[in-house]
Amino acid sequence: MAGNNKRVKTNNDIELKDRLVAINRVTKVTKGGRTFSFSAIVVVGDENGVVGWGLGKANEVTTAIAKGVEAAKKNLVRVPILNGTIPHEQISKFGGAQIFMKPASHGTGLVAGGAMRAVLESAGVTDVLAKSKGSANPHNLVKATINALCEMRDAKTVAAQRGVTLDKVFNG
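Each value, and the rule that gives it
- Residues numbered from 1 in each chain as written.
- Predicted model: local features only at pLDDT ≥ 70, side-chain atom pairs only at ≥ 80, totals over all residues.
- Heavy atoms only, no water.
- Helix = DSSP H or I, 4+ residues; strand = E, 2+ residues; numbered from the N terminus.
- Areas by Shrake-Rupley, 256 points an atom, 1.4 Å probe, with all protein chains shown as cover.
- Lys, Arg positive; Asp, Glu negative; His and termini not counted.
- Charge placed at Lys NZ, Arg CZ, Asp CG, Glu CD.
- Axes fitted to C-alpha atoms, helices over the stretch in contact; angles between N-to-C directions.
- Parallel < 35°, antiparallel > 145°, perpendicular 65-115°, else oblique.
- Left-handed = near helix turned anticlockwise from the far one by under 90°.
- Contact = heavy atoms within 4.5 Å.
- Nonpolar A, V, L, I, M, F, W, Y, C, P; charged D, E, K, R; others polar.
- Domains from an automatic or database assignment.
- Buried area = accessible area lost by both parts, 1.4 Å probe.
- Salt bridge = Lys/Arg side-chain N within 4 Å of Asp/Glu carboxyl O.
- Patch = residues over 30% accessible without salt bridge, like charges linked within 9 Å, V, L, I, M, F, W, Y side chains within 5 Å.
- UniProt positions renumbered as here; feature names shortened; annotations may be inferred.
- Buried < 20%, exposed > 50% of the residue type's maximum accessible area, 1.4 Å probe, protein only.

## Re the overall build of the protein chain
For the protein chain, the count of helices and strands is five helices and eight strands. Along the protein chain, helices and strands appear, N-terminal first, in the series β-β-β-α-β-β-β-β-α-β-α-α-α. Here the protein chain has roughly 9,700 Å² of accessible surface; of this, 49% comes from carbon and sulfur atoms. Of the side-chain charges in the protein chain, 24 are positive and 13 negative, and the distance between the mean point of each set is 10 Å.

## Considerations on the packing of helix α2 (residues 114-123) against helix α3 (residues 138-151)
Between α2 and α3, whose axes approach to 8 Å, the crossing angle comes to 40°. In terms of their interaxial angle, α2 and α3 are classed as oblique. Of the two possible hands of crossing, α2 and α3 adopt the one that is right-handed. Contact with α2, carried on its side by A115, M116, V119, L120 and A123, involves P138, L141, V142, T145, I146 and L149 of α3 and no other residues of that element. Across the contact of α2 with α3, the residue classes tally to 10 nonpolar, one polar and no charged.

## A look at the domain arrangement of the protein chain
Here the domain parsing of the protein chain yields domain 1 (17-77) and domain 2 (79-157). Look at where the C-alpha atoms of domain 1 and domain 2 centre, and you get two points 21 Å apart. Residue-level contacts link 17 residues of domain 1 with 15 residues of domain 2. Of the roughly 1,300 Å² buried where domain 1 meets domain 2, counting both sides, 75% is carbon and sulfur surface. The largest per-residue losses of area from domain 1 upon contact with domain 2 belong to R19, V51 and W53, which jointly make up 35% of the total buried on that side. The interface formed by domain 1 and domain 2 includes one salt bridge.

## Observations regarding the environment of V77
Within the element layout of this structure, V77 appears in strand β4 (residues 76-78). Along the chain, V77 and V61 lie 16 residues apart, while their C-alpha atoms are 26 Å from each other.

## Here's the deal with a nonpolar patch on the surface
Taken together, the side chains of L20, I23 and V61 make up a nonpolar region of the molecular surface, amounting to roughly 220 Å² of accessible area. Topologically, V61 is positioned in helix α1 (residues 61-73).

## Remarks on the UniProt feature "domain: S5 DRBM" (unreviewed entry) in the protein chain
Taking the UniProt record as the reference, the feature "domain: S5 DRBM" (unreviewed entry) is found at residues 16-79. In residues 16-79, the share of helix is 20% and the share of strand is 61%. The end C-alpha atoms are 15 Å apart.

## Things to note about the environment of G107
Along the polypeptide, G107 turns up in the loop between β6 (97-103) and β7 (110-111). You can call G107 exposed: its relative accessible area is 64%. Separated by 20 residues in sequence, G107 and D127 have C-alpha atoms that sit 6.7 Å apart.

Right under this line is the structure:
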């Protein structure tokens, strides 16, 4: 999903905050009756460019959330954030979910819905215009948003990859 160069090693000095995106109750019918279990999708981030998601499944909601947080801590990526916004426009797709993100000027706020908002807040993005099209499935929206953030590159990264100066990147 994300490139290996964007992965972040989990250690104790990163202060991660978790956000619950969605809880799903699953019913299994057996001859003894109905058995309920829960799945929870959770997003964690340090609000400074590090974000990850995880899915937890258990027979109790609190256990499912805890498992989701642990899974999310193993799935952290670093994303570029410039002055509280994203470096450039980005379109991404995962399954039936399509998302579009566009940088915004300071003071615009986070204009995004549902699952996208949770991911962007956890990453530390404060000003962005975002739209989700297609499926509203929170699982696919979270994955599409994190894919889009992983595909973003700031000017310094582009210059380093091309082996040219920053001035050459902007002015050709």
